[in-house]
Amino acid sequence: MSNPTDDALLTELVTYQNRKLLIWQLAADGRTFCGIRFIVQERDLQAAPVDEQVQAFVEDMLSDGEIRPEYDSMADWEAMEANHGDTADQYL
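Residues numbered from 1 in each chain as written. Predicted model: local features only at pLDDT ≥ 70, side-chain atom pairs only at ≥ 80, totals over all residues. Heavy atoms only, no water.

**Re the overall build of the protein**
Along the protein, the regular secondary structure elements total six helices and two strands. The order of α-helices and β-strands along the protein, N terminus first, is α-α-α-α-β-β-α-α. Taken over the C-alpha trace, the protein has a radius of gyration of 12 Å; the compact-globule value for 92 residues is 12 Å, and the two agree within 12%. For the C-alpha atoms alone, the extent of the protein along its principal axes is close to 35 × 25 × 25 Å. With 92 residues in all, the protein has 40% of them scored as buried. Considering only intrachain contacts with a sequence separation of at least 6, the fraction spanning at least 24 residues in the protein is 58%. (Helix = DSSP H or I, 4+ residues; strand = E, 2+ residues; numbered from the N terminus. Rg over C-alpha atoms; globule rule 2.2 N^0.38 Å. Buried < 20%, exposed > 50% of the residue type's maximum accessible area, 1.4 Å probe, protein only. Contact = heavy atoms within 4.5 Å.)

The structure is reproduced here in structure tokens:
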């Protein structure tokens with residue numbers, strides 16, 4: 001992500017210390033599946049502060065602190081880790 005707004009979103013997301021959320025967001029960048037930008041549009045939060053935008057994403061993705069089963073089952077975590085793990089490490 002090169003956009004300063006994207007960096008702010010990632011920096012805020014790191015506060016949750018959840019590697020899977022971070023990797024999911026890195027994989028979602030520029031795609032149509034559920035990432036922060038998708039949730040922001042879905043919930044009409046474009047004018048909301050970054051922390052509120054990220055909180056909406058986290059609430060959508062997690063159930064009892066774990067990635068919701070419907071999201072977990074559609075993710076290829078090994079591939080996402082291989083493609084985005086190094087970047088996640090830089091943020092974490």
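**Some thoughts on the pattern of salt bridges**
Scanning all chains against the criterion turns up five salt bridges. One salt bridge in this structure joins Glu 81 and Arg 19, with 2.6 Å as the shortest N-O distance. Highlighted residues: Glu 81 in helix H6 (residues 77-91) and Arg 19 in helix H2 (residues 19-28), separated in sequence by 62 residues. By relative accessible area, Arg 19 is classed as partly exposed at 27%. Put simply, Arg 19, Glu 81 and Asp 89 are held in one network by salt bridges that share partners. (Salt bridge = Lys/Arg side-chain N within 4 Å of Asp/Glu carboxyl O.)

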